[in-house]
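An overview of the molecular structure
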Amino acid sequence: MPPPADIVKVAIEWPGAFPKLMEIDQKKPLSSIIKEVCDGWSLANHDQFALQHADSSNFYITEKNRNEIKNGAILRLTTSPAQNAQQLHERIQSSSMDAKLEALKDLANYSRDVTFAQEFINLDGISLLTQMVESGTEFISYYLDMLSFTLTAFVELMDHGIVSWDTFSVAFIKKIASYVNKFASDISILQRSLAILESMVLNSHDLYQKVAQEITTGQLIPHLQGTDQEIQTYTIAVINALFLKAPDDKRQEMANILAQKQLRSIILTHVIRAQRAINNEMAHQLYVLQVLTFNLLEDRMMTKMDPQDQAQRDIIFELRRIAFDAESEPNSSSGSMEKRKSMYTRDYKKLGFINHVNPAMDFTQTPPGMLALDNMLYFAKHHQDAYIRIVLENSSREDKHECPFGRSSIELTKMLCEILKVGELPSETCNDFHPMFFTHDRSFEEFFCICIQLLNKTWKEMRATSEDFNKVMQVVKEQIMRALTTKPSSLDQFKSKLQNLSYTEILKIRQSERMNQEDFQSRPILELKEKIQPEILELIKQQRLNRLVEGTCFRKLNSRRRQDKFWYCRLSPNHKVLHYGDLEESPQGEVPHDSLQDKLPVADIKAVVTGKDCPHMKEKGALKQNKEVLELAFSILYDSSGQLNFIAPDKHEYCVWTDGLNALLGKDMLSDLTRNDLDTLLSMEIKLRLLDLENIQIPDAPPPIPKEPSNYDFVYDCN
C-alpha cells in the first residue's frame, strides 16, 4: 500500500458518462493512470488522451505539475495536447468561416497552457497565425472577432517564451502597426496590437528599428485621449519601450517630438487628473516614463565644464550680470583690466562660488557637471527676483553666515539627481511616480528652483555658518524627501508642503522619532519592555494571521512583465487550510473560500523559503534574475516535492505573508515590518503605562535596600 500522502482522491469527467471517483497514486507514471481511466470507459488508444483540470483554466496535467492536484479536485479526460493541437491546426484552416472562428476562439483559450502551446508551436502554428494576419484581408471587411481571437492566441503563445521575436517579417510588423490606426474603436484588437508592438520593441533590437519606422509617437498619442485606462496603459507602455530602446543620440529627438505633441499635458489631463483611480500597471508605466524623462539629464549631469569654452563661461558672466549689473551689458564694465578682474572676483565670491578667480573650475566634478550651471541659469532667468534676492541677501551678511549660492546649487543639483535616480534604469516592479512632475515642461528645473529657495530659508532658520554646510544639506534632503512622500499633485502643492516642514518642525519630528527609538533606555524601562514584548508579538502575530485570512491577489509574471492573469490565496478562519485558485481578473474585494478550487492543509507545509532559495527563482530567464522580483519571491514547500510559488505585489505584502506563514509553523517572525511594528507598539505601550509618571525622573537603578532595624518593637502584635 502506498503511503496516504501519495494518494489523491479525485473525480474524473468524460462527456456523456457519469463522473468517476478514483484514487490517484502520485508515484505511478501518469501514462499508467490515464490508461486505467481509459480502460474504465473502454476507450482505446490511451496514448491519445490526457487529463486536465475541469475548471476555467483547462490546463493539462503533466509529470511536472501533477503534484498540484489536490484531494477533491475535478479532472477531465480529454484529447492529448498533441492531438488537440493537430485538430486545432486543421480547424483554423477550414473553408467555413464559422468553423474557423470557433477554432480560433478555442485556440486563444488553449494557448494559455504551455503544454498545448509547445505542441501547437511544433506544428509551425506561429507561422500559420502570422500568415493569416499578413494575408487576412477578410478580417478588415467582415471578421473583426476572428482577428481579435487570432491576435489573442498569438500573444498567449508568444508569452511562453518558446519562439524568438527575431523571426517575424516586416509584412507582419506593418500589419500590426496598421491595426493601431485602423481599429482605434475596437478595444480588443487595439489592445493586443499594442501589446505585440511593445514585446517586439523590448525583445529584439532589429524589430525595434522596424517598429520605429512603422509607427510614430504621433499615431500613438490619440489613444491616450480616450476613456479606456487599459488602452492608455498599453499605449504608454509602447512609448516607453520605444524610448527605452532608442539609441542614445535619438532619445532627445524623440523627447522633443513628444513635447511638440504635448504628451505630458495629455497624460496629465486624460490619465492623472481623470475622474478615476490609477491602477498599479498604469502607475508603473507612468513611473517608467518619469524615469526615462529624467534620464535625459544624464548627459549634462556627466559633462564637465571646459574652462576654455567661451560659450560656457558666458553663462557664468550672465549669472553675475543678472545679479549685480542687470541694467548694463555684460562687457561694458569700465576701468582697467586689473580693476575689472578684482571686481569680478569679488562678485564671484558673493555668488558663492568656491573658486572666486575661475568659477568654471567648480563645474568640473561629475555629477552634477554642467547640469548645475543649467539649473542656476534657469533660476536666474525664470525666477529673477528670487535669484537676485537670495544673492544680494547673502552678500550683505557676515562672511561666516552667508549661504553660498554657487556651492549650494551644485550640491543641491547633485542631491536631486540622487533622489530622482537620474541615470538609473527603471525598476521592473516600482510604481512610484510623482504627479507634480507631469505638470510642467521643465519640471526638474522648477523642482530645483523651489528647493534652492528652501535651502536658503533653512540656512537662515538654522543660523548656519560655512562649517554647517553639510548639516544644512542633510536637513534640506529630509525636508524634500518628507514632502515627496505625500505625493503632491502639483509643484505649488509641493512648495506648500515644504512651508510646513520648517527646520523647527523637522527638529520636532526627529525628537518624536528619537523618543520612539532611543529613549526609555533605563534599566526599569528595559525590564518593562521585556515583560510586555511577548504580548505585543502575539498581537502582531494575530494581525498577520487575520491578513492571511482576508487573502491577497497575486499576479502571475513571466518574461513579459504585464500579465492580466491573477491568482488568489487566503487562509481559512480556523487557520487549518490555505485556499487558492486562479482568477480571470483582479478582484475588487475579498474572494470567498468556496470560489477557490485548490486547498493546502497547513499541517502539510514543510518549510517556507524566500528569494534565491525559491524553486521558481532558480529557473532560467531574465525576469527571474531581476533583483526587485527576487526580493518579493517566497515559496511554500510541502510533501516530497510539492511547492506553491508566490511573487508578492509589494514589500508590505511580502512581509505580511512570510510573517504569517512562519507564525503558522511556530517560527519567529523576522521581517523588517515586524521589527518596525514591534518598536512602534512597544514605545506606544510604554508611554501609555508611564503617563502617570510624566515629569517624574525614573532612576537608572532601584533604590538601595535599607539596613535591618535594631529591633521590631514597632510591629503591631495582634495578640
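Criteria and thresholds
- One numbering rule holds for all chains: residues counted from 1, following each sequence as written.
- The model is predicted, so local features are restricted to residues of pLDDT at least 70 and side-chain atom pairs to those at 80 or more, both for listing and for counting; the totals for chains, interfaces and linings are taken over all residues.
- Computation of side-chain values covers all heavy atoms of the structure but excludes hydrogens and water.
- Where helices and strands are cited, they refer to DSSP runs of H or I of at least four residues and of E of at least two residues respectively, numbered from the N terminus.
- Values of the radius of gyration come from C-alpha atoms, whereas the globule rule sets the reference at 2.2 Å times the count of residues to the power 0.38.
- Contact between two residues is taken to exist if any of their heavy atoms lie within 4.5 Å; hydrogens are not considered.
- Using a 1.4 Å probe, accessible areas were evaluated by the Shrake-Rupley method; residue-level cover was limited to the displayed protein chains.
- Working definition: rings of Phe, Tyr and Trp (its six-membered ring) pair if their centres are within 6.5 Å, and the pair is stacked with planes under 30 degrees apart, edge-to-face with planes over 60 apart, and tilted otherwise.
- Either the NZ atom of lysine or the CZ atom of arginine qualifies as a charge over a ring when it sits within 6 Å of the ring centre and within 35 degrees of the ring normal.
- Only strands that DSSP links by at least two bridges are regarded as paired with each other.
- To sort residues, take the accessible area from a 1.4 Å probe on protein chains only and compare it with the maximum for the residue type: under 20% means buried, over 50% means exposed, and anything in between is partly exposed.
- Here the axes come from fitting lines to C-alpha atoms, over the contacting stretch only for helices, and the angles between their N-to-C directions go from 0 to 180 degrees.

Turning to the overall build of the chain, a few remarks are in order. What the chain contains, in helices and strands, is 29 helices and eleven strands. For 719 residues, the compact-globule estimate of 2.2 N^0.38 gives 27 Å, and the chain exceeds it by more than 25% at 34 Å. When its C-alpha atoms are laid out on the principal axes, the chain stretches across 110 × 110 × 40 Å. In the chain, 66% of the contacts between residues at least 6 apart in sequence involve partners at least 24 apart. Put simply, the chain shows about 36,800 Å² of open surface, and 49% of that area lies on carbon and sulfur atoms.

Turning our eyes to something else, we now look at the packing of aromatic side chains. Under the definition given, this model contains 32 aromatic pairs. Three or more aromatic residues link up through ring pairs in this structure, and these residues are F554, W567, Y580, F634, F646, Y654 and W657. Lying across the ring of W41, K20 places its NZ or CZ 4.9 Å from the centre. Over the face of the ring belonging to F469 we find R407, whose NZ or CZ atom lies 3.8 Å from the ring centre.

Moving on, we come to the pairing of strand β2 (residues 20-25). Taken together, the six bridges between strand β1 (residues 7-13) and β2 define a ladder with antiparallel strand orientation. Across the sheet, residue V10 finds its bridge partner in β2, namely M22. The loop that links β1 with its antiparallel partner β2 comprises six residues; one of these, G16, has a positive phi angle of about 85°.

Right, let's get into the environment of V238. Structurally, V238 is set in helix α12 (residues 229-245). A relative accessible area of 0% places V238 in the buried class. In this structure, the C-alpha to C-alpha distance between V238 and I126, residues 112 residues apart in sequence, is 22 Å. If we skip the residues at most four places from it in the chain, V238 touches L194, E198 and L220.

Take the sheet that holds strand β10 (residues 633-638) next. The strand order across the open sheet built from three strands is β9-β10-β11, with neighbouring strands paired in antiparallel fashion. At either margin of the open sheet sits one strand with a lone partner, and together these are β9 (605-610) and β11 (642-647). On average, each strand axis in the sheet is inclined to that of its neighbour by 15°, with strand direction left out of account. Contacts from helix α28 (residues 651-664) reach β9, β10 and β11 within the one sheet, and its direction differs from that of β10 by about 25°.

A word on the pairing of strand β3 (residues 49-53). Most of β3 sits out of view: five of its five residues are buried. Side chains F49, L51 and H53 project from β3 onto one buried face, and the interleaved A50 and Q52 project onto a second face that is buried too. Strand direction decides the pairing type here: β3 and strand β4 (residues 74-79), joined by five bridges, are antiparallel. For F49, the partnering residue across the bridge sits in β4 and is T79.

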